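# Observations on chain architecture
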Amino acid sequence: MNETSPYLLQHADNPVEWYPWGPEALEAAREQNKPIFLSIGYSACHWCHVMAHESFESEEIAKLMNDWFINVKVDREERPDLDQIYMSAVVAITGSGGWPMSVFLTPTGEPFYGGTYWPSAPKFQRPGFPQVLAAVNEAWTDRNEHVHEQADKLTNAIRGMDAFDASASELSPDLMTTAEKKLVGSVDQRHGGFGSAPKFPHPFDLRVLLRCYKRSGNADTLAAVTLTLDKMAAGGIYDHLGGGFHRYSTDAMWLAPHFEKMLYDNALLVPAYLEAYQTTGNAEYARIARETLDYTLGEMTDTNGGFYSTQDADSEGEEGKFFVWTLDEIHEHLGPDRAEIFAEAYDVTPNGNWEEKTILNRTTQGLGFSKSEADLLAECRQILYNVREQRIKPGRDEKILTSWNGLMIAAMALGARVLGDQRYAEAAENSAAFLLETLRDDDGSLLHSFKDGRARFNGYLDDYACLIDGLVELYQTTFNNRWIEAAVALADRMQEQFADDESVGFFYTSRDHEELIVRQKDSQDNATPSGNAMAATALLKLSRLTGRSEWEDIATRTLEMLATQMTYAPSASGQSLIALDFLTGPTRECVLFADSVESDLQELNQRFVPNKVVVAVSNSETTSKTIDSLVSGKTKINNQPTLYVCEHGTCSQPVVGVDEIRDGFNALS
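An account of the accompanying structure is given in this report. All values derive from a computational prediction rather than experimental measurement. (Residues numbered from 1 in each chain as written. Predicted model: local features only at pLDDT ≥ 70, side-chain atom pairs only at ≥ 80, totals over all residues. Heavy atoms only, no water.)

### A few points about the pattern of salt bridges
Applying the stated criterion across every chain, the model contains 45 salt bridges. Between Glu514 and Arg79 there is a salt bridge, with its nearest N and O atoms 3.0 Å apart. Placement of Glu514 in the loop between helix H19 (481–498) and helix H20 (531–546) and of Arg79 in the loop between strand E3 (70–75) and helix H5 (80–94) is noted, with a sequence separation of 435 residues between them. Among the salt bridges present, the one from Lys261 reaches Asp239, with a minimum N-O distance of 2.7 Å. Residue Lys261 is located in strand E8 (residues 261–262), and its partner Asp239 is located in the loop between helix H10 (219–234) and strand E6 (248–249); the two are separated by 22 residues in the primary sequence. The exposure class assigned to Asp239 is buried, which follows from its relative accessible area of 5%. Each member of the salt-bridge network shares a partner with another, and the members are Asp75, Glu77, Asp397 and Lys399. (Salt bridge = Lys/Arg side-chain N within 4 Å of Asp/Glu carboxyl O. Helix = DSSP H or I, 4+ residues; strand = E, 2+ residues; numbered from the N terminus. Buried < 20%, exposed > 50% of the residue type's maximum accessible area, 1.4 Å probe, protein only.)

Have a look at this one:
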């Protein structure tokens, strides 16, 4: 198998005759007049492993699959375009989705039936996979015309899901007020988070509520955010020894996660904790952000600078085995005195709290420790971390994905600014340099994925949008001209390749992409931000930095396309609402002339001022031509640090001197 995906390679020895997605599989289906069985998953997916073990490793089930179908295996992280299209089909059929995704297609790729996990024999009120295969084969053989009619209806329904009203909808801060009420109203007031189990972190919604709180001053809004952040940081969804967050909690109180760790979850949660730290001054939020970034540096960073995709839930064939403990182990490694304190703090009991083992979590009674006891707990965590490092680690998917790296570049850049740690800026620069040098083709277009020395697949909209946003954030951390110039070049390329010239917004795939049954527009946030929302966010920032007003116009029309969704489904529109908050402002352009840029910006970086862009210039620097319109005519006054605060290019009187600049930053916040 000439593939680089760890997920596909996991299936290379199955008795199933798997094809990767491509012309060969489609041609085989046409020539043999067989339907396609499309299985989509990813390497860290627990239930993907279960279905593989139960069904795809079974000689009997594989024979049915090989006799009746052309079987295609797809890594959703490599081909999110296929995942989006066929997930829409599964949701239309069943009312919900998930992975593994299992879809039956005509030889031309149109879906006619699908689901997610099917067990090898009937259970969980689900039919057995062999029964599903037999029923689909019978329908294809005996009722072929009906199958094609179903495929046509389903394909048309998928196309209709992307029907946006191109007429302008009013954008105003009132949309933020509406979102605030709906989001606060859906918060679990006991355990934090939104809704009930299973419970996902929703970092977009938390960041939206922080912006709403800045506008409204509503104490309940801030309380909803801090309750959620506190409960997640105390719960088992957070790795108290190694840092970083697991995918989601299977229960309402954040105790028992699915143990995989995804790069994007951690990249998106870091800004939520940093912005909460800026808002409240709570040092615990800074600690969680720092530990999460340190986890990424230690476990998820390649020597080439790129960030890996995922860390599995399973090790040695068991989910969570690497992460859980027994009370006996705690006593063995800490000794009786320290073990007693640690067990009280982290809920370690003789019977455990999950499958007779303990998932470490901070209990209510364990939060009131003195400084000496807190230092002792930190010492205990380090000891147990060192012990855990001797265990067999979960597998790691070492694909480097452009979009997810863009998210982590932005998180690292913000971490460097807020936490004052240059390691994070260096890591962001290393990743950005690797992507720009390795994941671009000869004409400057982005590629999506890198693994085993190979960069592959046309870049998608979110690859461009997330990387542009990451580069803009990195520029505002380092003020290295390379990053803003690369962001501008990619923004022009994104407009050329993805914009809908006949309407508004951006398609998910480029003009030169493989033709699929639908060319979709990505509008709703899922685990990662929607491509259109992130494109709008990035273009708004770039417009303010470069003075190119056409980018703000494009972003505005894109958000107008999403206005109805923002009104009625704010929980699917977090990134759009973040962009809307920036657009409706007030949003400032800050230009600082100083010799010591880092120290002079420290005051601003400690404050929650989301709606701004920043350019800092020292005497030794030459600014990029891309920001000429912002810095032109401005200079240091009386050889002292000088701050210009502008809005849409109209500037107030310059602020001169360190103390006065500090007062100016106070006014902004």
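Having seen the model, we can carry on.
### Overview of the side chain of Ser55
Among the structural elements, Ser55 can be located in helix H3 (residues 46–56). Residue classification places Ser55 among the buried positions, given a relative accessible area of 0%. Dropping the residues within four chain positions of it, Ser55 is found in contact with Ile61, Ala62, Trp118, Ser120 and Phe129. (Contact = heavy atoms within 4.5 Å.)

### A short note on the sheet that holds strand E5 (residues 111–115)
Across the sheet, which stays open at both edges, the five strands sit in the order E1-E3-E2-E4-E5 with mixed pairing between neighbours. In this open sheet, the two strands that pair with only one neighbour each are strand E1 (18–20) and E5. Adjacent strand axes in the sheet meet at a mean angle of 30°, parallel and antiparallel pairs treated alike. One ladder, built from three bridges, connects E1 with E3; its direction is parallel. By the bridge assignment, Trp18 is partnered in E3 with Asn71. Sitting on the sheet, H5 touches strand E2 (36–41), E3, strand E4 (101–105) and E5, and the angle it makes with E5 is about 80°. (Pairing = 2+ DSSP bridges. Axes fitted to C-alpha atoms, helices over the stretch in contact; angles between N-to-C directions.)

### What about the packing of H20 against helix H21 (residues 549–561)?
Packed helices, taken two at a time, are described by the angle between their axes plus the distance between the axes. Between H20 and H21, the least distance of the axes is 8 Å, while the angle of their chain directions is 155°. Accordingly, the angle class assigned to the pair H20 and H21 is roughly antiparallel. Every pair of crossing elements has a handedness; the one defined by H20 and H21 is left-handed. Every residue of H21 that contacts H20 at Asn532, Ala536, Leu539, Leu540, Leu542, Ser543, Arg544 and Thr546 is listed here: Ser549, Trp551, Glu552, Ile554, Ala555, Thr558, Leu559 and Met561. For the contact of H20 with H21, the residue count by class is nine nonpolar, five polar and two charged. (Parallel < 35°, antiparallel > 145°, perpendicular 65-115°, else oblique. Left-handed = near helix turned anticlockwise from the far one by under 90°. Nonpolar A, V, L, I, M, F, W, Y, C, P; charged D, E, K, R; others polar.)

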